[in-house]
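What follows is each chain in one-letter form.
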Amino acid sequence: MGLDIPGATGSRPDAVPLDESGAEDLLRGICFKTGPPRTVGVELEWLIHDRERPDLPVGRERLDSAVEAVRALPLSAALTFEPGGQLELSSQPAGSLMECVDTTAADLAAVRASLGAAGLAPVGLGVDPWQPPHRRLREPRYEAMEAALDRAGPAGRAMMCTSASVQVCLDAGEEEPGPLGYGRRWQLAHLLGAVLVAAFANSPFQQGRRTGWRSTRQSLWADLDPGRALAPGSGSAPREAWAAHVLDTTVLCIRCEEGPWDVPEGLTFREWIRTGSPRPPVRADLDYHLTTLFPPIRPRGHLELRMIDAQSGPDGWLVPLAVATALFDDPEAAETVYRAVKPLAETAGSPAAPRNPLWTTAAREGLADPELRAAATVCFGAALPALERMGASGAVRDTVAAFTDRYVARGRCPADDLPEPGDLTGQSLLTDQGLLTGPSKPTGPVPPAGPDVPTGPVDRPARGPGRLVAGPPTIPPTPPRPGKAASA
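What counts and how
Residue indices follow the written sequence of each chain, beginning from 1 at its first position. In keeping with the model being predicted, local features are shown solely for residues with a pLDDT of at least 70 and side-chain atom pairs are shown and tallied solely at 80 or more, while totals for entire chains, interfaces and linings include all residues. To get the side-chain values, all heavy atoms of the structure are used, and hydrogens and water are removed first. Stacked, edge-to-face and tilted labels apply to pairs of Phe, Tyr and Trp rings (six-membered ring for Trp) whose centres lie within 6.5 Å, assigned for plane angles under 30 degrees, over 60, and everything in between, in that order. Per the convention used, a helix needs a DSSP run of H or I reaching at least four residues, while a strand needs a run of E reaching at least two, with both numbered from the N terminus. Each residue is placed in one exposure class: buried if its accessible area under a 1.4 Å probe, protein chains only, is under 20% of its type's maximum, exposed if it is over 50%, and partly exposed if it falls in between. Cation placement over rings: the criterion is NZ of Lys or CZ of Arg within 6 Å of the ring centroid and within 35° of the ring normal. For this analysis, a salt bridge means a side-chain nitrogen from Lys or Arg found within 4 Å of a carboxyl oxygen belonging to Asp or Glu. As defined here, a cavity is a set of points on a 1 Å grid over the protein atoms alone where a 1.4 Å probe fits but cannot get out. A pocket is an open set with protein on both sides within 12 Å along at least five of seven lines, and residues line them when an atom is within 4 Å of a point. Grid points are joined across faces, edges and corners, and a volume is the space filled by probe spheres set on the points. Residue polarity follows a fixed list, in which Ala, Val, Leu, Ile, Met, Phe, Trp, Tyr, Cys and Pro are nonpolar, Asp, Glu, Lys and Arg are charged, and the others, Gly among them, are polar.

Draft legend 1. Inspection of the packing of aromatic side chains at higher detail. If you walk through the whole model with that rule in mind, you get nine aromatic pairs. A ring pair is formed by F200 and F380, whose centres lie 5.8 Å apart and whose planes are at 45 degrees; its orientation type is tilted. Placement of F200 in the loop between α6 (182–199) and β6 (205–206) and of F380 in helix α15 (residues 370–389) is noted, with a sequence separation of 180 residues between them. Across the pair, F380 and F200 agree in class, each one buried. Ring geometry for F200 against F403: centres 5.0 Å apart, planes inclined by 35 degrees, an arrangement best described as tilted. Taken together, the residues F200 in the loop between α6 and β6 and F403 in helix α16 (residues 394–406) connect sequence positions 203 residues apart. We classify F200 as buried; its relative accessible area is 0%. Here F403 falls in the buried class, since its relative accessible area comes to 2%. Three or more aromatic residues link up through ring pairs in this structure, and these residues are F200, F380, F403 and Y407. Looking at R112, its charged tip hangs above the ring of W46, at a distance of 5.1 Å from the centre.

Draft legend 2. Examining the pattern of salt bridges more closely. The final tally for this structure, using the stated rule, is 28 salt bridges. Here D417 and R412 are joined by a salt bridge, their closest N and O atoms 2.5 Å apart. For D417, a relative accessible area of 0% gives the class buried. On the basis of relative accessibility, which here comes to 3%, the residue R412 falls in the buried class. Within the structure, one salt-bridge network assembled from shared partners comprises E20, E24, D248, R270 and R274.

Draft legend 3. Molecular detail of the layout of surface pockets. Size it by volume and the largest pocket reaches roughly 1100 Å³. E43, T80, E82, E88 and Y142 are, among the 49 residues lining the largest pocket, the residues nearest its centre. Split by residue class, the lining of the largest pocket holds 19 nonpolar, 13 polar and 17 charged. Its boundaries defined by the atoms lining it, the second largest pocket holds a volume of some 440 Å³. Q187, H190, L191, P232 and S234 are, among the 20 residues lining the second largest pocket, the residues nearest its centre. When contributions to the lining of the second largest pocket are tallied by element, the ones reaching two or more residues are α6, α8 (238–248) and α13 (344–348). If one sorts the elements of the lining of the second largest pocket by residue count, α6 sits on top with five residues. Grouping the constituent residues of the lining of the second largest pocket by class yields 11 nonpolar, nine polar and no charged.

Structure, rendered in structure tokens:
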């Protein structure tokens, strides 16, 4: 199979071997493209299940047929499928939040209808609650990735084949300091990211059992690899920190034109440049290496927020998209939220996300943690007026407000409302739960809301998963209005 990036083996005239300083210059130049925040995008991953028996695996021929039908749709978004058969829609960069919402909603409606004709449906959970990892794609990239990640344990296969997310893509920010400056946004992302993990945690199960985590997906990312899923160290400026992190992370694979790709052990990209073995790396190799790094926030010119679990229900995905966009791109909200999350740095400590105490607590406890609940209360409170200032539709604002009332105000997250895995197998429960079709009203006891929510430093409770309270979530069913496709 040929390489997907031309020149990777040096066969092109422009495939000049990299030197160390040239690689550092390239990384510093491409990781943060600065300017006033104007565009937004979203990448939605979905688990694909049978509508009647979602606990049973979908056969290869049936899934392949459904994939062919979906691929034939005239979508605005790019369509890909992950190693375990998860569907991913990657929107075009949109000039506004509403443009992104409208085009993505239209694409999703078409995808749902196509899958529905085959008796299938996209399921919004961060980790498949029923199936063990089973890789369906046999491309060289995934063969190499599986071999490399297996060295660190089973988390790699589970991530590749059973996880799904909502990834929000935002401009890096302005060159100058301030609420919209790229340095501030980079710092904000690594603190607010933990709040987003906690608020949208939606994966308490794996292979039919509770794991003790609200976000099992985030726990998998933390266990993925000694360095591949970590954020850069915080001691340097963002550009320098990211460039050093990229070069000092091990190479996942070295691609070749024929046969399996080489999977070296312990070879960093910097060492590859210095040794030139088994062949000198070129620009295309650096570009490819970047795609094999999975930090919670990945700078790709823009910022890719990768920490949010897939969300249940037809409109669940738009809540993290709308909230993140409002909190980063509205100057007033960005300043408010920065002040609210800055104290979380003390809890995080020196370890890099997502392996520090703050991110671990967010994944395990969700908004049951008082400090994260207090921060989320401020953040979601700031998001609602920001969305109005940004011109978000009433339907979007109502959906965010309903999520805030149902979860954030009560110190809960979607994982808290899921029944036991065995109870997810009935079609009636799936319908009530909103995993396949839509929402219903909340039930079950909830913690106190309103003035009892802490607003300052709190004493941290003893750790432990606790008992999760069952009861279905509520997301307003009104779909956003389909609109004009966004331009790239």
